[in-house]
Amino acid sequence: MLGWTGVFLNIDLTQRKATAEQYDESLALNFLGGRGFAAKILWDRLKEGTDPFSPENLLIFAAGPLTGIGLPNSGKLVVASKSPLTGGYGDGNTGSWAAVYMRKAGYDAIIIKGKAAAPVILHIKDDAVEFVNAKDYWGTSSFETEERLKKVYPRNSGIVSIGQAGENLVKFATVVSQEGRAGGRPGMGAVMGSKNLKALVIEGTKPIPLANPEEMKKLAADGYKEVLAKPLYSFWKRQGTMSTVEWSQENSVLPTFNFRQGTFEQAEGIGGFTMEKMKVSNRGCPQCNMTCGNVVKDSEGKDSELDYENVGMLGANIGLGSLSQVAVLNRLADEFSFDSISLGNVVGFAIEASQKGLIKEKFEWGDFEAIEGLIEDIAYRRGVGDVLAEGVRAASAKIGNGSGDWAMHVKGLEISAYDCHAAPGMALAYGTSSIGAHHKDAWLITWEIKAGRENYDKEKVAYLIKTQLIRGGLFEALGVCRFPYNSLGFGLEWYHKYLRAATGVEFSMDRINEVSDRILNLVRAFWVREYGKEWSRELDVPPMRWFKEPLVGSPYEGSTLNLEKYNAMLDVYYQMRGWNINGVPTKETLEKLGLADVAGRLYAKV
Ligand code: PTT
Ligand code: SF4
């Protein structure tokens, strides 16, 4: 096999055993890598109904066939598991040197099961695997852990770790790397904590086998040059994703006061141009020449790396208008290893619940000190923090009183930073995303605003599916960042060429789309299998706030989504996907995609 290493590393933490496994070439050809491998492994190897926090759950780090090769933005790693937050398929995509060195160590994926008897760090150096006592690291932040590990292991190591939120099984804890890359929104960091696994340190010294190394060298150099020549490059380097704050404000989609408003009075103070004045450097993922991490000094004088999502959710959504204070909360999210998007939702939910008298604790919008304290309470599961550590779906089930309508999530995963009172297409993107409410698979909002945000047309659904196949399929499987493509206009044809040079296999766009479709159908089948009798199309409907409570403020004041039209649009979506009226892939669809075994297992139950 070329392009792929052809090897998975299986780790059993209970037995302290590591086994390299040669996997079959057909797996690579049919699922490519990253999310494709993760979904297939979870479907095949995880027993149905496994408790996400039980030792039997699998934590998977999966690269793609382009990961680690010196081509644009190829330092990405999928981290996946059955999610403790949603109960379904969960993953995230983080940039880390661990991705590069995992491939250089000779592995396309690391599959971790079991639970260590005491806190442990996994040290992998090529074929050697060591289980290192992590007693002295347990209880420390992800930043401190990585800093200390960097002193112990050589410079050429990749490190991913969890902070206290992961250790304390906060259900939206992520896995953190390089003080500002965080991945696995639906609680992958909590799964890591449940296994007593504090960190992975990976060293790799082998070359990645390539079908045509000379061609790849040239294509990679050309690709980097092309990225630099893109007209949007220089503004991107200045602001990265932060310019989205102003854009969202202009278009009334900036989540404000727990998604009640689409504009925030103090938006300018947390926007991209304010950030530019505070910026001290750029940081980013390996092998990237368009690094987008905006490092600023926060109000406590420490470095914090800002992105739009973090600022939208830990700024406007909780009523906080000082960017240097938002930066503190953002840094705390990384240190504790929270997902910042879910954290902003959870805090917004808590403030609203407090204002409505549904919890006894008193919180005000934008009250920085109280919110900072609350975040610490969530990390250590103290008081009301313990309830909130379960995420907004579980917290609303506990406090009741109709709070489910404004617990802003889909399938348990909190919504990322786009208000959808007046954006039905984006609402459908959240409703049908692979992991719950995340924009990863389809950032439909910019296109929708140009195409006409009022309509619920078939064209919108078709465009959504096309986008999901590219972003949720192709990019999640290749192991590269999608920003060159979707933010600078670096064409998809590059990836076609890279794949050919890496693997020697001709992947036409049709063939890639088929692989993507296979992956996304398998992910959906996993959800249906794990939810069993609880599965229903209602799970694809976003929260009632957007349908029942008109948007406050902005030119779109008074907008709501229409439930009947949303459901009709969902029907069209299901038809186009080849799914039945409950959103379950039909037998024919699964068989057509070569997933007859999946159809057999799924339909044996019905
Ligand atoms: C991603 C999600 C996002 S999406 C953001 S900001 W974004 C938040 N970032 C967080 C953070 O930071 N710290 C923290 N404690 N929690 C955070 N939660 C949120 O996580 C990220 C970039 C970004 S920044 C995006 S859109 C793109 N996402 C990609 C993707 O999903 N796939 C892919 N092939 N390429 C992508 N490129 C871009 O990567 P999750 P990262 Mg992240 C500080 O992980 O779980 O997928 O959630 O990985 O290395 O930080 O890069 O405006
Ligand atoms: Fe990472 Fe940003 Fe570069 Fe993508 S563009 S690889 S997210 S630094």
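Residues numbered from 1 in each chain as written. Chains lettered and ligands numbered in written order. Predicted model: local features only at pLDDT ≥ 70, side-chain atom pairs only at ≥ 80, totals over all residues. Heavy atoms only, no water.

**Q** A description of the site of ligand 1 should follow, citing residues and the corresponding values.
**A** Close to ligand 1 lie 31 residues, the nearest being Ala-182, Asp-334, Phe-338, Asp-339 and Glu-476. One of the side-chain nitrogen or oxygen atoms of Asn-310 is found 3.2 Å away from a nitrogen atom of ligand 1. Grouping the amino acids of the shell around ligand 1 by side-chain chemistry returns nine nonpolar, 12 polar and 10 charged. (Near = heavy atom within 4 Å. Polar contact = N/O pair within 3.5 Å; in protein donor to acceptor, adjacent residues only side chain to side chain. Nonpolar A, V, L, I, M, F, W, Y, C, P; charged D, E, K, R; others polar.)

**Q** Please set out unusual backbone geometry residue by residue, giving values where relevant.
**A** Its identity is not glycine, yet Phe-257 carries a phi of approximately 50 degrees, on the positive side. For Phe-259, which is not glycine, the phi dihedral falls at a positive 60 degrees. Structurally, Phe-259 is set in the loop between helix H9 (244–250) and helix H10 (272–278). Classification of Phe-259 by relative accessible area gives buried; the value is 0%. (Helix = DSSP H or I, 4+ residues; strand = E, 2+ residues; numbered from the N terminus. Buried < 20%, exposed > 50% of the residue type's maximum accessible area, 1.4 Å probe, protein only.)

**Q** Pulling in residues and values, what's your account of the pairing of strand E14 (residues 293–297)?
**A** Here E14 lies mainly inside the structure; four of its five residues are buried. As paired elements, strand E13 (residues 279–283) and E14 share four bridges and run antiparallel to each other. Looking at the pairing, Lys-279 lines up with Val-296 of E14. With four bridges connecting them, E14 and strand E15 (residues 303–306) associate as antiparallel partners. Bridged to Lys-297 within E15 is Asp-303. Between E14 and the antiparallel strand that follows it, E15, lie five residues; Gly-301 among them carries a positive phi value of about 80 degrees. (Pairing = 2+ DSSP bridges.)

**Q** So what's going on with the layout of surface pockets? Residues and values would help.
**A** The rolling of a water-molecule-sized probe over the atoms marks out the regions of remaining empty space. If you add up the space inside the second largest pocket, you get close to 420 Å³. Lining of the second largest pocket is provided by 19 residues; of these, Trp-97, Glu-146, Lys-150, Ser-157 and Gln-178 occupy positions nearest its centre. Those elements giving two or more residues to the lining of the second largest pocket turn out to be helix H3 (97–104), helix H4 (142–152) and strand E9 (158–161). Grouping the amino acids of the lining of the second largest pocket by side-chain chemistry returns seven nonpolar, five polar and seven charged. In terms of domain composition, the lining of the second largest pocket takes at least three residues from each of domain 1 (7–203) and domain 2 (242–417). (1 Å grid on protein atoms, 1.4 Å probe; cavity = no way out; pocket = protein on both sides within 12 Å on 5 of 7 lines; lining within 4 Å. Points joined across faces, edges and corners; volume = space filled by probe spheres on them. Domains from an automatic or database assignment.)

**Q** How would you sum up the packing of aromatic side chains? Please name residues and give values.
**A** As enumerated under the stated definition, the model contains 31 aromatic pairs in all. Ring geometry for Trp-247 against Trp-443: centres 6.5 Å apart, planes inclined by 45 degrees, an arrangement best described as tilted. Separated by 196 residues along the polypeptide, Trp-247 in helix H9 and Trp-443 in the loop between helix H17 (424–432) and helix H18 (445–451) bring together distant segments of the chain. Overall, the relative accessible area of 21% leaves Trp-247 in the partly exposed class. (Phe/Tyr/Trp six-rings, centres within 6.5 Å; stacked < 30°, edge-to-face > 60°.)

**Q** If you had to explain helix H12 (residues 323–336) to someone new, which residues and values would you point to?
**A** Helix length check: H12 (14 residues) gives 20 Å between terminal C-alpha atoms against 20 Å at 1.5 Å per residue, within 8%. The buried count for H12 comes to 12 of 14 residues, which makes it a mostly enclosed element. Every buried residue belonging to H12 is among Leu-323, Val-326, Ala-327, Val-328, Leu-329, Asn-330, Arg-331, Leu-332, Ala-333, Asp-334, Glu-335 and Phe-336, and all of these are buried. Where H12 terminates, the next one or two residues include Ser-337, which has phi positive at roughly 70 degrees. (Expected span 1.5 Å × (residues − 1).)

**Q** Pulling in residues and values, what's your account of the environment of Glu-250?
**A** Topologically, Glu-250 is positioned in helix H9. As a C-alpha pair, Glu-250 and Gly-262 span 12 residues in sequence and 9.1 Å in three-dimensional space.

**Q** Please set out the side chain of Ser-252 residue by residue, giving values where relevant.
**A** As for its position among the elements, Ser-252 is in the loop between H9 and H10. A distance of 3.1 Å separates polar atoms of two side chains, one belonging to Ser-252 and the other to Ser-554.

**Q** Could you give me a rundown of the coordination of the magnesium atom of ligand 1, with the residues and numbers involved?
**A** With respect to protein ligation, the magnesium atom of ligand 1 binds only Ala-182 (O), at 2.5 Å. Among the structural elements, Ala-182 can be located in strand E11 (residues 181–183). (Donors = N, O, S within 2.8 Å, 3.2 Å for Na, K, Ca; no water.)

**Q** Which residues make up the sheet that holds strand E3 (residues 59–62), and what values do they have?
**A** Ordered by their spatial adjacency, six strands build an open sheet running E2-E1-E6-E3-E4-E5, and the pairing between neighbours is mixed. Edge positions in the sheet fall to strand E2 (17–22) and strand E5 (89–95), since each of these pairs with one other strand and no more. On average, each strand axis in the sheet is tilted by 20 degrees relative to the strand beside it, whichever way the strands run. Relative to E5, strand E4 (residues 76–82) runs antiparallel, the two being bridged by seven bridges. Bridge pairing in E5 links Ser-81 to Gly-90. (Axes fitted to C-alpha atoms, helices over the stretch in contact; angles between N-to-C directions.)

**Q** Provide a residue-level description of the sheet that holds E13, including the pertinent values.
**A** Spatially, three strands are ordered E13-E14-E15 in an open sheet, and the strand pairing comes out antiparallel. Looking along the sheet, the strands with just one partner apiece sit at the ends: E13 and E15. In this sheet, adjacent strand axes meet at a mean angle of 35 degrees when their direction is disregarded. Each of E14 and E15 is contacted by H12, which is oriented at about 95 degrees to E15, the strand it contacts most. (Contact = heavy atoms within 4.5 Å.)

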